[in-house]
Amino acid sequence: VLNINDEADGITVVDLAEDNLTASNAGQFRSMLAETIQEGRLRLVIDLQGVSYVDSSGLGALVGILKRLGAKGDLVICAVGPAVMSVFKLTRMDKVFAIETTRQAAIERLSR
Amino acid sequence: VNSHEHVLRFASRYQCVPELLAWLDHKLAPACDHDRYFDVRAAIVEAVHNIIRHGLKEDPGHHITVALRLGRADISIDLEDDGFPIPSEKLEKIRLPEFSVDDLDKLPESGFGLGMVAQAVDRISYRSSEGRNRLSLGVDRTVPQ
(Lines give C-alpha, C1' and ligand atoms only; values in the text may rest on other atoms or scores of the structure.)
Protein backbone atom coordinates (compact mmCIF):
# COMPACT_ATOMS: atom_id res chain seq x y z
CA VAL A 1 0.00 0.00 0.00
CA LEU A 2 2.77 2.43 0.94
CA ASN A 3 6.30 3.42 -0.01
CA ILE A 4 8.09 5.08 2.90
CA ASN A 5 11.19 7.19 2.29
CA ASP A 6 13.29 8.99 4.86
CA GLU A 7 14.46 12.44 3.76
CA ALA A 8 16.75 15.04 5.39
CA ASP A 9 15.81 16.84 8.62
CA GLY A 10 13.95 13.86 10.02
CA ILE A 11 11.22 14.14 7.42
CA THR A 12 9.54 11.01 6.08
CA VAL A 13 7.68 10.98 2.77
CA VAL A 14 4.93 8.43 2.32
CA ASP A 15 3.66 7.56 -1.17
CA LEU A 16 0.56 5.54 -1.81
CA ALA A 17 1.26 2.71 -4.20
CA GLU A 18 -2.41 2.51 -5.17
CA ASP A 19 -4.70 4.95 -6.97
CA ASN A 20 -7.17 5.14 -4.11
CA LEU A 21 -7.45 5.46 -0.34
CA THR A 22 -10.76 3.87 0.51
CA ALA A 23 -12.50 1.18 2.52
CA SER A 24 -10.54 -1.37 0.48
CA ASN A 25 -7.14 -0.34 1.87
CA ALA A 26 -7.68 2.24 4.63
CA GLY A 27 -7.14 -0.29 7.42
CA GLN A 28 -3.78 -1.37 6.06
CA PHE A 29 -2.80 2.26 5.41
CA ARG A 30 -3.66 3.20 8.96
CA SER A 31 -1.76 0.32 10.56
CA MET A 32 1.36 0.82 8.42
CA LEU A 33 1.50 4.51 9.25
CA ALA A 34 0.84 3.84 12.93
CA GLU A 35 3.88 1.55 12.87
CA THR A 36 5.90 4.26 11.13
CA ILE A 37 4.97 6.75 13.86
CA GLN A 38 5.71 4.16 16.52
CA GLU A 39 9.23 3.89 15.09
CA GLY A 40 9.74 7.59 15.82
CA ARG A 41 9.04 9.14 12.43
CA LEU A 42 7.02 12.15 13.50
CA ARG A 43 7.38 14.59 10.60
CA LEU A 44 5.39 13.14 7.77
CA VAL A 45 4.57 14.13 4.22
CA ILE A 46 1.80 12.07 2.64
CA ASP A 47 2.06 12.40 -1.13
CA LEU A 48 -1.28 11.77 -2.85
CA GLN A 49 0.09 12.08 -6.38
CA GLY A 50 -1.64 9.44 -8.44
CA VAL A 51 -4.50 8.98 -5.97
CA SER A 52 -7.66 9.57 -7.98
CA TYR A 53 -10.32 8.81 -5.38
CA VAL A 54 -10.77 8.79 -1.62
CA ASP A 55 -13.83 7.82 0.38
CA SER A 56 -14.85 8.52 3.97
CA SER A 57 -12.90 5.50 5.23
CA GLY A 58 -9.73 6.86 3.63
CA LEU A 59 -10.43 10.30 5.03
CA GLY A 60 -11.00 8.79 8.47
CA ALA A 61 -7.64 7.02 8.23
CA LEU A 62 -5.90 10.33 7.48
CA VAL A 63 -7.64 11.97 10.44
CA GLY A 64 -6.59 9.05 12.62
CA ILE A 65 -2.94 9.52 11.61
CA LEU A 66 -3.13 13.26 12.29
CA LYS A 67 -4.53 12.57 15.77
CA ARG A 68 -1.95 9.89 16.45
CA LEU A 69 0.85 12.33 15.63
CA GLY A 70 -0.81 14.90 17.89
CA ALA A 71 1.19 17.80 19.18
CA LYS A 72 4.44 15.84 19.06
CA GLY A 73 4.48 15.53 15.28
CA ASP A 74 3.67 17.26 12.00
CA LEU A 75 1.81 16.13 8.91
CA VAL A 76 1.60 17.78 5.50
CA ILE A 77 -0.40 16.33 2.62
CA CYS A 78 0.65 17.16 -0.92
CA ALA A 79 -0.25 16.67 -4.59
CA VAL A 80 -3.96 16.49 -3.90
CA GLY A 81 -5.85 16.18 -7.18
CA PRO A 82 -9.23 17.82 -7.76
CA ALA A 83 -11.25 14.66 -7.09
CA VAL A 84 -9.59 14.13 -3.72
CA MET A 85 -9.71 17.84 -2.87
CA SER A 86 -13.48 17.68 -3.29
CA VAL A 87 -13.65 15.17 -0.45
CA PHE A 88 -11.55 17.43 1.79
CA LYS A 89 -13.67 20.47 0.99
CA LEU A 90 -17.05 18.74 1.29
CA THR A 91 -16.12 17.60 4.79
CA ARG A 92 -14.26 20.83 5.77
CA MET A 93 -11.12 18.79 6.29
CA ASP A 94 -9.28 21.20 3.99
CA LYS A 95 -9.36 23.51 7.05
CA VAL A 96 -7.81 20.84 9.28
CA PHE A 97 -4.94 19.45 7.20
CA ALA A 98 -1.86 21.32 6.03
CA ILE A 99 -1.98 20.86 2.26
CA GLU A 100 0.71 21.81 -0.25
CA THR A 101 0.69 21.60 -4.01
CA THR A 102 3.95 19.72 -4.45
CA ARG A 103 6.13 17.30 -2.52
CA GLN A 104 8.98 19.84 -2.47
CA ALA A 105 6.71 22.51 -1.02
CA ALA A 106 5.55 20.06 1.66
CA ILE A 107 9.13 19.17 2.61
CA GLU A 108 10.07 22.86 2.75
CA ARG A 109 7.09 23.58 4.99
CA LEU A 110 8.23 20.94 7.46
CA SER A 111 11.85 22.14 7.25
CA ARG A 112 11.02 25.68 8.40
CA VAL B 1 -32.55 4.57 -22.95
CA ASN B 2 -32.18 7.71 -25.06
CA SER B 3 -29.07 9.80 -25.63
CA HIS B 4 -29.64 11.63 -22.32
CA GLU B 5 -29.99 8.47 -20.25
CA HIS B 6 -27.11 6.18 -19.42
CA VAL B 7 -26.97 3.03 -17.31
CA LEU B 8 -24.01 1.08 -15.94
CA ARG B 9 -24.31 -2.23 -14.11
CA PHE B 10 -21.23 -3.61 -12.41
CA ALA B 11 -20.21 -6.26 -9.88
CA SER B 12 -20.22 -5.32 -6.20
CA ARG B 13 -16.44 -5.26 -5.87
CA TYR B 14 -14.12 -2.38 -4.96
CA GLN B 15 -12.03 -3.34 -7.99
CA CYS B 16 -14.93 -2.36 -10.26
CA VAL B 17 -14.96 1.27 -9.09
CA PRO B 18 -12.34 2.39 -11.68
CA GLU B 19 -14.72 1.15 -14.39
CA LEU B 20 -17.44 3.32 -12.84
CA LEU B 21 -15.12 6.33 -12.69
CA ALA B 22 -14.13 5.99 -16.34
CA TRP B 23 -17.81 5.80 -17.25
CA LEU B 24 -18.62 8.90 -15.16
CA ASP B 25 -15.72 10.80 -16.73
CA HIS B 26 -17.18 9.98 -20.14
CA LYS B 27 -20.91 10.42 -19.48
CA LEU B 28 -21.32 12.79 -16.54
CA ALA B 29 -18.31 15.11 -16.63
CA PRO B 30 -19.32 16.87 -19.87
CA ALA B 31 -22.71 17.71 -18.30
CA CYS B 32 -21.30 19.31 -15.12
CA ASP B 33 -19.25 22.32 -14.17
CA HIS B 34 -15.66 21.20 -13.56
CA ASP B 35 -15.60 21.66 -9.77
CA ARG B 36 -19.16 20.42 -9.33
CA TYR B 37 -18.34 17.26 -11.25
CA PHE B 38 -15.67 16.23 -8.77
CA ASP B 39 -18.06 16.80 -5.85
CA VAL B 40 -20.73 14.65 -7.48
CA ARG B 41 -18.15 12.02 -8.47
CA ALA B 42 -16.98 11.89 -4.83
CA ALA B 43 -20.59 11.46 -3.70
CA ILE B 44 -21.16 8.56 -6.09
CA VAL B 45 -17.91 6.85 -5.06
CA GLU B 46 -18.90 7.23 -1.41
CA ALA B 47 -22.38 5.87 -2.01
CA VAL B 48 -21.07 2.87 -3.98
CA HIS B 49 -18.49 2.05 -1.33
CA ASN B 50 -21.20 2.27 1.34
CA ILE B 51 -23.32 -0.19 -0.63
CA ILE B 52 -20.42 -2.63 -1.04
CA ARG B 53 -19.21 -2.34 2.54
CA HIS B 54 -22.40 -1.96 4.57
CA GLY B 55 -25.24 -3.02 2.29
CA LEU B 56 -23.60 -6.08 0.75
CA LYS B 57 -21.01 -6.85 3.46
CA GLU B 58 -18.34 -7.04 0.73
CA ASP B 59 -20.06 -10.00 -0.94
CA PRO B 60 -18.87 -9.80 -4.58
CA GLY B 61 -21.79 -11.85 -5.90
CA HIS B 62 -24.17 -8.90 -6.40
CA HIS B 63 -24.52 -6.08 -8.87
CA ILE B 64 -24.96 -2.32 -8.49
CA THR B 65 -26.71 -0.24 -11.13
CA VAL B 66 -26.03 3.46 -11.68
CA ALA B 67 -28.45 5.34 -13.91
CA LEU B 68 -27.84 8.90 -15.13
CA ARG B 69 -30.52 11.12 -16.58
CA LEU B 70 -29.22 14.35 -18.03
CA GLY B 71 -32.15 16.76 -18.07
CA ARG B 72 -32.22 20.32 -19.35
CA ALA B 73 -32.31 21.83 -15.86
CA ASP B 74 -30.95 19.06 -13.69
CA ILE B 75 -29.18 15.73 -13.53
CA SER B 76 -30.54 12.74 -11.67
CA ILE B 77 -28.41 9.84 -10.52
CA ASP B 78 -29.99 6.63 -9.23
CA LEU B 79 -27.96 3.92 -7.50
CA GLU B 80 -29.68 0.58 -7.06
CA ASP B 81 -28.66 -2.52 -5.15
CA ASP B 82 -30.21 -5.58 -3.52
CA GLY B 83 -28.34 -5.48 -0.21
CA PHE B 84 -29.33 -4.53 3.30
CA PRO B 85 -31.04 -1.12 3.25
CA ILE B 86 -29.58 1.92 4.94
CA PRO B 87 -30.90 1.89 8.55
CA SER B 88 -33.76 4.36 9.07
CA GLU B 89 -32.00 6.05 12.00
CA LYS B 90 -29.14 7.01 9.66
CA LEU B 91 -31.56 8.35 7.06
CA GLU B 92 -33.30 10.48 9.67
CA LYS B 93 -30.17 12.45 10.50
CA ILE B 94 -28.12 12.81 7.37
CA ARG B 95 -25.52 15.40 8.25
CA LEU B 96 -21.80 15.80 8.57
CA PRO B 97 -20.27 15.40 12.01
CA GLU B 98 -19.69 18.67 13.79
CA PHE B 99 -16.18 19.54 14.86
CA SER B 100 -13.85 22.40 15.62
CA VAL B 101 -10.88 22.54 13.27
CA ASP B 102 -8.70 23.57 16.22
CA ASP B 103 -9.60 20.67 18.52
CA LEU B 104 -7.42 17.87 17.24
CA ASP B 105 -8.39 15.32 19.88
CA LYS B 106 -12.09 15.58 19.03
CA LEU B 107 -11.82 15.38 15.25
CA PRO B 108 -14.20 12.69 13.98
CA GLU B 109 -12.67 9.68 12.21
CA SER B 110 -15.98 8.32 10.93
CA GLY B 111 -19.54 9.32 10.25
CA PHE B 112 -18.85 11.39 7.13
CA GLY B 113 -20.42 9.07 4.56
CA LEU B 114 -24.04 10.03 3.92
CA GLY B 115 -23.48 13.58 5.10
CA MET B 116 -20.78 14.01 2.50
CA VAL B 117 -23.05 12.60 -0.21
CA ALA B 118 -25.82 15.02 0.78
CA GLN B 119 -23.38 17.94 0.91
CA ALA B 120 -22.31 17.30 -2.69
CA VAL B 121 -25.76 17.32 -4.30
CA ASP B 122 -28.91 19.44 -4.31
CA ARG B 123 -31.40 16.66 -3.52
CA ILE B 124 -31.17 13.22 -1.97
CA SER B 125 -33.84 10.59 -1.42
CA TYR B 126 -33.91 6.90 -0.60
CA ARG B 127 -36.38 4.13 -1.16
CA SER B 128 -36.22 0.47 -0.18
CA SER B 129 -38.89 -1.92 -1.36
CA GLU B 130 -39.15 -5.63 -2.12
CA GLY B 131 -35.46 -6.24 -1.66
CA ARG B 132 -34.32 -3.39 -3.89
CA ASN B 133 -32.75 -0.16 -2.62
CA ARG B 134 -32.57 3.05 -4.60
CA LEU B 135 -30.56 6.11 -3.60
CA SER B 136 -31.51 9.06 -5.80
CA LEU B 137 -29.32 12.14 -6.12
CA GLY B 138 -30.31 15.36 -7.88
CA VAL B 139 -27.96 18.04 -9.17
CA ASP B 140 -29.09 21.34 -10.65
CA ARG B 141 -27.37 22.46 -13.80
CA THR B 142 -26.16 26.04 -13.38
CA VAL B 143 -26.58 26.69 -17.09
CA PRO B 144 -29.69 24.85 -18.31
CA GLN B 145 -29.00 22.82 -21.46
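Residues numbered from 1 in each chain as written. Chains lettered and ligands numbered in written order. Predicted model: local features only at pLDDT ≥ 70, side-chain atom pairs only at ≥ 80, totals over all residues. Heavy atoms only, no water.

Visitor: Which residues make up helix H4 (residues 113-120) of chain B, and what values do they have?
Guide: Most of H4(B) sits out of view: six of its eight residues are buried. Buried residues along H4(B) sit against helix H2 (56-69) and helix H3 (82-90) of chain A together with helix H2 (34-55), helix H3 (88-92), strand S4 (123-129) and strand S5 (132-140) of chain B. (Buried < 20%, exposed > 50% of the residue type's maximum accessible area, 1.4 Å probe, protein only. Helix = DSSP H or I, 4+ residues; strand = E, 2+ residues; numbered from the N terminus. Contact = heavy atoms within 4.5 Å.)

Visitor: Lay out the packing of H3(A) against H2(B) in plain terms, naming residues and giving numbers.
Guide: Across the interface, H3(A) lies against H2(B) with an axial gap of 8 Å and an inter-helix angle of 75 degrees. Comparing their axes, H2(B) and H3(A) come out roughly perpendicular. Counted together, A:Pro82, A:Ala83, A:Ser86, A:Val87 and A:Leu90 of H3(A) and B:Asp35, B:Phe38, B:Asp39, B:Arg41 and B:Ala42 of H2(B) form the full contact between these two elements. For the contact of H3(A) with H2(B), a count of residues per class yields six nonpolar, one polar and three charged. (Axes fitted to C-alpha atoms, helices over the stretch in contact; angles between N-to-C directions. Parallel < 35°, antiparallel > 145°, perpendicular 65-115°, else oblique. Nonpolar A, V, L, I, M, F, W, Y, C, P; charged D, E, K, R; others polar.)

Visitor: With reference to specific residues and values, describe the environment of A:Pro82.
Guide: All names here are of chain A. The residue proline 82 is located in helix H3 in this model. Taking relative accessible area as the criterion, proline 82 reaches 45% and is therefore assigned partly exposed. Spatially, the C-alpha atom of proline 82 lies 9.4 Å from that of tyrosine 53, the residues being 29 residues apart in sequence.

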